[in-house]
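Residues per chain, in single letters:
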Amino acid sequence: MSMFDDIERVLFTEEQIQARIRELAEELNAQYTDADLPLLVCILKGAVVFLSDLVRHLNFRHEMDFMVVSSYSSGTCSSGVVRILLDLETNIEGRHVLIVEDIIDTGHTLNYILHNLETRHPASVRIMTLLNKPSRREIDIPVDFSGFEIPDEFVLGFGLDYAEQYRNLPFIGVLKPEVYLRTEA
Ligand code: PRP
């Protein structure tokens, strides 16, 4: 059975996502210049697909770096516990930082990252997320650029996983309930 058979419905098509990414890139193109030389900080793993499509529409010089933090367990619930598993290679003191996330849910992950990066004295820190679930927020997060607001549903595809799979789907969708039952049984 194909992974596509596991999808109950599509929330955002590939075309919708790509169109929105172009718009987000235009917002960044209007705000940053070569002289800013911002550092795009991709929060792995989920944001890697978003970042790689986004940067190909940017027309200002920038650099990229990556962080891995743990937040969720392997299931669908946020634990609220955040640890840095892989830190930035770049010294961000005096740098303009743009955090690139795939989704903000409770806000615990970004709240931790934000405070952690601020202790390193960057010139600025802004946040871009492809998906935003404000109804789930437990900590207020200053989101500067947001692709789509979504309802409180477990979504996957375009970088987002269920049990580490489905990240390669070119759209964002919702799983059939029987998939959870199958894998959790
Ligand atoms: C997801 C997402 C955010 C975080 C958001 O990552 O990429 O980092 O959860 O949740 P929160 O707002 O409730 O903290 P996840 O831990 O699933 O890792 P992944 O990107 O490697 O899939």
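Residues numbered from 1 in each chain as written. Predicted model: local features only at pLDDT ≥ 70, side-chain atom pairs only at ≥ 80, totals over all residues. Heavy atoms only, no water.

Colleague: Which residues make up helix 1 (residues 14-31), and what are the values?
Modeller: End to end, helix 1 covers 26 Å across 18 residues, agreeing with the expected 26 Å (1.5 Å per residue, within 8%). Along helix 1, the residues that are buried comprise Ile17, Arg20, Ile21, Leu24, Ala25, Leu28 and Asn29. Looking at the buried side of helix 1, the elements it contacts are strand 1 (7-12), helix 2 (48-55), strand 5 (96-104), strand 6 (124-132), strand 7 (145-149) and strand 9 (172-175). (Helix = DSSP H or I, 4+ residues; strand = E, 2+ residues; numbered from the N terminus. Expected span 1.5 Å × (residues − 1). Buried < 20%, exposed > 50% of the residue type's maximum accessible area, 1.4 Å probe, protein only. Contact = heavy atoms within 4.5 Å.)

Colleague: I'd like a description of the site of the ligand, backed by residues and values.
Modeller: Taken together, 17 residues lie near the ligand, and Ser71, Glu101, Asp102, Thr106 and Thr109 sit nearest. Between the ligand and Gly107 there is a distance of 2.7 Å, counted from an oxygen atom to a backbone nitrogen or oxygen. Here the ligand has 500 Å² of accessible area as a free molecule, and 91% of this is covered by the chains. Every element with two or more residues in the shell around the ligand is listed here: strand 3 (63-72), strand 5 and helix 3 (108-118). Ranked by residues supplied to the shell around the ligand, first place goes to strand 5 with four residues. For the shell around the ligand, a count of residues per class yields four nonpolar, seven polar and six charged. (Near = heavy atom within 4 Å. Polar contact = N/O pair within 3.5 Å; in protein donor to acceptor, adjacent residues only side chain to side chain. Areas by Shrake-Rupley, 256 points an atom, 1.4 Å probe, with all protein chains shown as cover. Nonpolar A, V, L, I, M, F, W, Y, C, P; charged D, E, K, R; others polar.)

Colleague: With reference to specific residues and values, describe the packing of aromatic side chains.
Modeller: Under the defined criterion, the tally for this structure stands at six aromatic pairs. Here the aromatic rings of Tyr32 and Phe60 are separated by 5.5 Å at their centres, their planes lie at 35 degrees, and the arrangement is tilted. Residue Tyr32 is located in the loop between helix 1 and strand 2 (39-44), and its partner Phe60 is located in the loop between helix 2 and strand 3; the two are separated by 28 residues in the primary sequence. The rings of Phe154, Tyr162 and Tyr180 are connected pair by pair, giving a single aromatic cluster. (Phe/Tyr/Trp six-rings, centres within 6.5 Å; stacked < 30°, edge-to-face > 60°.)

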